[in-house]
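# Structural features, examined
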Amino acid sequence: MRKMSILAMTDPVLYNKYNRLQNRDNKRCLSENVARMTWRSGDRVLDIGSGDGSFTATELRRYLPDDVSELVGCDRSREMVDYANENFGGDGINFRVLEIGQHIPREFIGSFNHVFAFFSLHWVTDQRLALSQVYDILTEGGDCLLLIVGNFPAVFDVYKVFAQTAKWCRWVKRLDDNVLSPYHECDDPEEKLRKIGEEVGFKKMFVQCNQSTYKYDSVEDFKSMIVSINPFNIPEELCDEYLEEFVRVAKEHRYITDDLIITYTTNTFFGSK
Ligand SMILES: C[S@@+](CC[C@H](N)C(=O)[O-])C[C@H]1O[C@@H](n2cnc3c(N)ncnc32)[C@H](O)[C@@H]1O
């Protein structure tokens, strides 16, 4: 298996290989909800947190009308954006660096008719800020479809265990600072999201929390997923040990079963401006 690099979450090749769970859930979210959106000829579309760009350019593209004028993917990671442009750019699709939660350049404000975000906005602890920036990016009458990670014990609860250990707390820390999903262990994520959406000004909202399961083919497969979304600077020489212990803790607490099944939730948010 490939060694974990520093900030592996920005490794597009690795992400491209281990994004089956996200792909499956994103397609389900689109097929169930894309009909809520109102389309006009020449609309511009933004996909926030487009990662390696494969989902944006291949799968998301299929759900959009043919007369969309532009499909832009954005990501906070320059490596992801460069990889996405090289491999999936062109033909009305391009990728830009943009970080939700930070300053949004003027040219993005009020300039997209539709905004999507899959498995990316949970990284922003301040959800009110995240949703208000999505709102600002939309044109009047525009709409958004967001799939936001919720309760994810097989990842977040292991981070929480690690953060309490003398061995790993040097690196696994500041979990409330853009690491844990704000909807992890939240009693009523639908209510929380709906309230934020209302405060921001969204109309015609639809909010739904879905529980899902996913079965990994092997322990290596599970470890690779952990690496591909890892936000911590674990030193390279400790990576094997980190992953071994990750699996041990996840199994011990039943965050992953012996059959390698995990249970987690995602939140779907639709709203229009
Ligand atoms: C798990 S990947 C999801 C990629 C793709 N949307 C998918 O579903 O396959 C999350 C991506 O979101 C990006 N990301 C995380 N926080 C972000 C933020 N605040 N603004 C923009 N991109 C962000 C990460 O760099 C990463 O590439």
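What this report covers is the structure whose coordinates are included nearby. (Residues numbered from 1 in each chain as written. Predicted model: local features only at pLDDT ≥ 70, side-chain atom pairs only at ≥ 80, totals over all residues.)

Turning our attention to the overall build of the chain. On a plain count of helices and strands, the chain comes out with 9 helices and 7 strands. For the chain, whose C-alpha radius of gyration is 18 Å, the value lies close to the compact-globule estimate of 19 Å for 273 residues. Reported as C-alpha extents along the three principal axes, the dimensions of the chain are approximately 55 × 40 × 35 Å. Pairs at least 24 apart in sequence give 78% of the contacts found in the chain among residues at least 6 apart. (Helix = DSSP H or I, 4+ residues; strand = E, 2+ residues; numbered from the N terminus. Rg over C-alpha atoms; globule rule 2.2 N^0.38 Å. Contact = placed C-beta atoms within 7 Å.)

Take the packing of helix α8 (residues 219–228) against helix α9 (residues 239–252) next. Across the interface, α8 lies against α9 with an axial gap of 10 Å and an inter-helix angle of 110°. One element, α8, and the other, α9, form an angle in the roughly perpendicular class. As α8 packs across α9, the resulting crossing turns out to be right-handed. Across the interface between the two elements, Val-219, Phe-222, Lys-223 and Ile-226 of α8 pack against Leu-243, Phe-246 and Val-247 of α9. Considering only residue class, the contact of α8 with α9 consists of 6 nonpolar, no polar and 1 charged. (Axes fitted to C-alpha atoms, helices over the stretch in contact; angles between N-to-C directions. Parallel < 35°, antiparallel > 145°, perpendicular 65-115°, else oblique. Left-handed = near helix turned anticlockwise from the far one by under 90°. Nonpolar A, V, L, I, M, F, W, Y, C, P; charged D, E, K, R; others polar.)

Taking 1.5 Å of rise per residue, the 12 residues of helix α7 (residues 189–200) would be expected to cover 16 Å, and the 16 Å separating its terminal C-alpha atoms lies within 8% of that figure. Of the residues making up α7, those classed as buried are Pro-189, Leu-193, Ile-196 and Gly-197. Summarising the axial view, the buried residues of α7 lie within an arc of 100°, below the 170-degree limit, and thus occupy one face. For α7, the exposed residues set more than 90 degrees away from the buried face come down to Glu-191, Glu-198 and Glu-199. (Expected span 1.5 Å × (residues − 1). Buried ≥ 20, exposed ≤ 12 C-beta atoms within 10 Å, placed from the backbone. Arc of directions from axis to C-beta.)

Before going further, it helps to spend a moment on the packing of helix α6 (residues 153–163) against α9. Following both chains from N to C, one finds α6 and α9 inclined at 105°, their axes separated by 10 Å at the closest point. Here α6 lies roughly perpendicular to α9, going by the angle between them. Facing α6, whose interface residues are Ala-154, Val-158 and Val-161, α9 presents Phe-246, Val-249 and Ala-250. Counted by class, the contact of α6 with α9 contains 6 nonpolar, no polar and no charged residues.

Moving on, we come to the environment of Gly-49. Position of Gly-49 among the secondary structure elements: in the loop between β1 (44–48) and α3 (54–63). Residue Gly-49 is classed as buried on the basis of its 25 C-beta neighbours within 10 Å. In this structure the C-alpha to C-alpha distance between Gly-49 and Tyr-242, which are 193 residues apart in sequence, comes to 26 Å. Among residues more than four places away in sequence, those in contact with Gly-49 are Asp-75, Ala-117, Phe-118, Phe-119, Ser-120 and Leu-121.

Let's shift gears to the pairing of strand β3 (residues 93–97). Note that strand β2 (residues 70–75) and β3 share 5 bridges and pair parallel. From the neighbouring strand, Cys-74 faces β3, where its bridge partner is Arg-96. (Pairing = 2+ DSSP bridges.)

So, on to the site of the ligand. Taken together, 22 residues surround the ligand, and among them Gly-49, Gly-51, Phe-118, Ser-120 and Trp-123 come closest. Split into classes, the residues belonging to the shell around the ligand amount to 10 nonpolar, 9 polar and 3 charged. (Near = placed C-beta within 6 Å.)

If you look at the biggest cluster of nonpolar residues, it comprises 73 residues, and the most contacted ones within it are Leu-46, Val-115, Leu-121, Leu-146, Ala-154, Val-158 and Tyr-159. For this core, the element with the highest residue contribution is strand β5 (residues 138–149), accounting for 7 residues. (Core = buried A, V, L, I, M, F, W, Y, C linked by C-beta atoms within 7 Å.)

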